[in-house]
Amino acid sequence: MARVVVSGGAGFLGSHLCDRLLQRGDEVVCLDNLITGSTDNVEHLFGNQGFRFVETDVSDYVWVPGPVDAVMHLASPASPIDFERIPIKILKVSSLGTHRLLGLARQKEARFFLASTSEVYGDPLVHPQPETYWGNVNPIGPRGVYDEAKRFAESMTMAYHRQHGMDVRIVRIFNTYGPRMRPDDGRVVSNFITQALRNDPITLFGDGSQTRSFCYVDDQVSGHLALLDSDHTGPINIGNENEFTIRELAELVIKLTNSSSELTFAPLPTDDPTRRRPDLTEATTKLGWAPVVELEEGIRHTADYFARILGV
Ligand code: NAD
Ligand code: UDP
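In this text, all values refer to a predicted model and were calculated from it rather than measured experimentally.

Caption draft 1: Main features of the site of ligand 2. Taken together, 18 residues surround ligand 2, and among them Val-188, Thr-203, Arg-212, Asp-272 and Arg-276 come closest. The backbone of Val-188 places a nitrogen or oxygen atom 2.8 Å from an oxygen atom of ligand 2. Here an oxygen atom of ligand 2 sits 2.9 Å away from a polar atom, N or O, in the side chain of Gln-210. Considered on its own, ligand 2 offers 520 Å² of accessible surface; in the complex 95% of this is hidden by protein. Grouping the constituent residues of the shell around ligand 2 by class yields 7 nonpolar, 5 polar and 6 charged.

This is the structure we're talking about:
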């Protein structure tokens, strides 16, 4: 049993992580300022003796009384629509926030876990992407605020590891979806499912030929726990190797929701990556982890969730 601090614990991924940590008997202190998360995601945990929720901005100040065994830093807005809406907050949470949480982990002699991203590879020139690839990122473009902040967070984490001998873990998360994404989150899976359920047009950016590889949330969180518990610093890619065009995703969502939605086309956002697929060799060989949920099954679960919360 461990006492784990989870920043961003009221968000989509963080709330599933809190569930899984509590299920295995760990105690959880969840730090979140609710900028893109919601107490709805964790309200089922409020009666749990092992769970504590603290509303706080980790870019400003972080302190947690009592012993801490692990600090897991998931706080950061993660949707491209937020990159334009709140760019400075995004830069701050992965720079100042990472610094403060590393400081907390160091003071508590705790293991530090960073949620990084496949966006560190930018618009990749190597495909699929292994962890050894350094990436192709535009630092001054609209996505740069997220990509460069996460790259800085990785650098800072490795600096604490090297200078202070701290025990750290870095996961590079590839596109993950599932229940508790916000319906208006702006990411492709939530957009397409909510559009399909309302029989609204499905918005394809560009011609829909760009690719992504989608990982179901339960698989993603299993990967995080496997890395946390392992002896490997990382970075390690966690995602799903099955790659789809965005048009294929739209067609699958329409089919699975029995929707009458039509496809509509909108301009491709600046610096939108052309393709993305994780090389999972490190995760499978070092962690013995592999994703098990097929896209079709995961989309069904996610569509059921959205149908319930939207009342459609
Ligand atoms: P999310 O927006 O649902 O969760 C992020 C959480 O962090 C929210 O609850 C938000 O309120 C909180 N937060 C943001 N800034 C904060 C601050 N300054 N102080 C305290 N809390 C703050 O997004 P998510 O998809 O669950 O992403 C979680 C983490 O995983 C992020 O670090 C993100 O970069 C990373 N990630 C996610 C994906 C994905 O596909 N979901 C892919 C790559 C990386
Ligand atoms: N996308 C789309 N329609 C939407 C939302 C997104 O075609 O309504 C595209 C987007 O341009 C990108 C892909 O879907 O090529 C994945 O977008 P998302 O925002 O989910 O994640 P990211 O670009 O960060 O991988």
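Still more to cover.
Caption draft 2: Local environment of the sheet that holds strand 3 (residues 51–55). The parallel open sheet is built from 7 strands, whose spatial order is 3-2-1-4-5-6-11. Edge strands, defined here as strands with exactly one partner in the open sheet, are strand 3 and strand 11 (236–238). Within this sheet the neighbouring strands show an average axis-to-axis angle of 20°, counted without direction. Sheet topology note: the strand 4 (residues 70–73)/strand 5 (residues 111–117) ladder contains 4 bridges and is parallel. From the neighbouring strand, Ala-70 faces strand 5, where its bridge partner is Arg-111. Along the sheet face, helix 4 (residues 144–164) touches strand 5 and strand 6 (168–173) and points at about 155° away from the line of strand 5.

Caption draft 3: The site of ligand 1, seen in detail. Taken together, 30 residues form the shell around ligand 1, and within it Asp-32, Thr-36, Tyr-146, Lys-150 and Thr-176 come nearest. Side-chain polar atom of Arg-187 to an oxygen atom of ligand 1: 3.0 Å apart, as the coordinates give it. Burial of ligand 1 by the protein amounts to 96% of the accessible area it has alone, namely 820 Å². Broken down by secondary-structure element, the contributors of at least two residues to the shell around ligand 1 are helix 1 (12–23), strand 5 and helix 4. Element by element, the count of residues in the shell around ligand 1 is highest for strand 5, at 3 residues.

Caption draft 4: Up close: the packing of aromatic side chains. Inspection of every chain in the model, using the stated rule, returns 8 aromatic pairs. For the pair Phe-83 and Tyr-146, a centre-to-centre distance of 4.7 Å together with 20° between the ring planes defines the contact as stacked. Here Tyr-146 lies in helix 4 and Phe-83 lies in helix 2 (residues 80–85), a separation of 63 residues in the sequence. Here the aromatic cluster, defined as three or more aromatic residues joined through ring pairs, consists of Phe-46, Phe-51 and Phe-53.

Caption draft 5: Seen up close, the pairing of strand 5. Within strand 5, 6 of the 7 residues are buried, leaving the element largely enclosed by the surrounding structure. With 6 bridges joining them, strand 5 and strand 6 adopt parallel strand pairing. What sits directly across from Ser-116, in strand 6, is Arg-172. This β-α-β element, strand 5 to helix 4 to strand 6, shows right-handed connectivity.

Caption draft 6: Structural detail: helix 1. Helix length check: helix 1 (12 residues) gives 17 Å between terminal C-alpha atoms against 16 Å at 1.5 Å per residue, within 8%. Helix 1 sits mainly inside the fold: 10 of its 12 residues count as buried. Turning to helix 1, its buried residues number three or more, namely Phe-12, Leu-13, Gly-14, Ser-15, His-16, Leu-17, Cys-18, Asp-19, Leu-21 and Leu-22. Phi turns positive one or two residues past the end of helix 1, at Gly-25, with a value near 100°.

Caption draft 7: Looking closely at the pairing of strand 8 (residues 202–205). Where burial is concerned, the two faces of strand 8 differ: the one with Ile-202 and Leu-204 is buried and the one with Thr-203 and Phe-205 is not. Both strand 8 and strand 13 (residues 263–266) contribute to a ladder of 4 bridges, which runs parallel. Within strand 13, the residue paired with Phe-205 across the bridge is Ala-266.

Caption draft 8: The arrangement of the packing of helix 7 (residues 246–256) against helix 9 (residues 295–310) in detail. Contact pair helix 7 / helix 9: the axes reach a minimum separation of 10 Å and the direction vectors enclose 55°. By the criterion of interaxial angle, the relationship of helix 7 to helix 9 is oblique. Handedness of the crossing formed by helix 7 with helix 9: right-handed. Here helix 7 contributes Leu-249, Leu-252, Val-253, Lys-255 and Leu-256 to the contact with helix 9, which in turn contributes Leu-295, Glu-296, Ile-299 and Arg-300. Its residues placed into classes, the contact of helix 7 with helix 9 shows 6 nonpolar, no polar and 3 charged.

Caption draft 9: Summary view of helix 5 (residues 188–197). Taken across its 10 residues, helix 5 has 9 buried, putting it largely inside the fold. Restricting attention to buried positions, one finds in helix 5 the residues Val-189, Ser-190, Asn-191, Phe-192, Ile-193, Thr-194, Gln-195, Ala-196 and Leu-197. Against the buried residues of helix 5 lie strand 7 (176–177), strand 8, helix 7 and helix 9. Remark: Asn-199 follows helix 5 within two positions and exhibits a positive phi of approximately 55°.

Caption draft 10: Region of interest: unusual backbone geometry. Cis geometry marks the peptide bond from His-127 to Pro-128; its omega dihedral reads -10°. Along the chain, the position of Pro-128 falls in the loop between strand 5 and helix 4. That bond from Gly-234 to Pro-235 is cis: its omega, 0°, falls within 30 degrees of zero. Its identity as a non-glycine residue notwithstanding, Asn-199 has a phi of 55°, on the positive side. Mapped onto the elements of the fold, Asn-199 is located in the loop between helix 5 and strand 8. Backbone geometry places Asp-271, a non-glycine residue, at a positive phi of 65°.

About the criteria used
- Residues numbered from 1 in each chain as written.
- Chains lettered and ligands numbered in written order.
- Predicted model: local features only at pLDDT ≥ 70, side-chain atom pairs only at ≥ 80, totals over all residues.
- Heavy atoms only, no water.
- Near = heavy atom within 4 Å.
- Polar contact = N/O pair within 3.5 Å; in protein donor to acceptor, adjacent residues only side chain to side chain.
- Areas by Shrake-Rupley, 256 points an atom, 1.4 Å probe, with all protein chains shown as cover.
- Nonpolar A, V, L, I, M, F, W, Y, C, P; charged D, E, K, R; others polar.
- Pairing = 2+ DSSP bridges.
- Helix = DSSP H or I, 4+ residues; strand = E, 2+ residues; numbered from the N terminus.
- Axes fitted to C-alpha atoms, helices over the stretch in contact; angles between N-to-C directions.
- Contact = heavy atoms within 4.5 Å.
- Phe/Tyr/Trp six-rings, centres within 6.5 Å; stacked < 30°, edge-to-face > 60°.
- Buried < 20%, exposed > 50% of the residue type's maximum accessible area, 1.4 Å probe, protein only.
- Right-handed = clockwise from strand over helix to strand, strands pointing away.
- Expected span 1.5 Å × (residues − 1).
- Parallel < 35°, antiparallel > 145°, perpendicular 65-115°, else oblique.
- Left-handed = near helix turned anticlockwise from the far one by under 90°.

No statement about biological role is implied by the geometric values presented.
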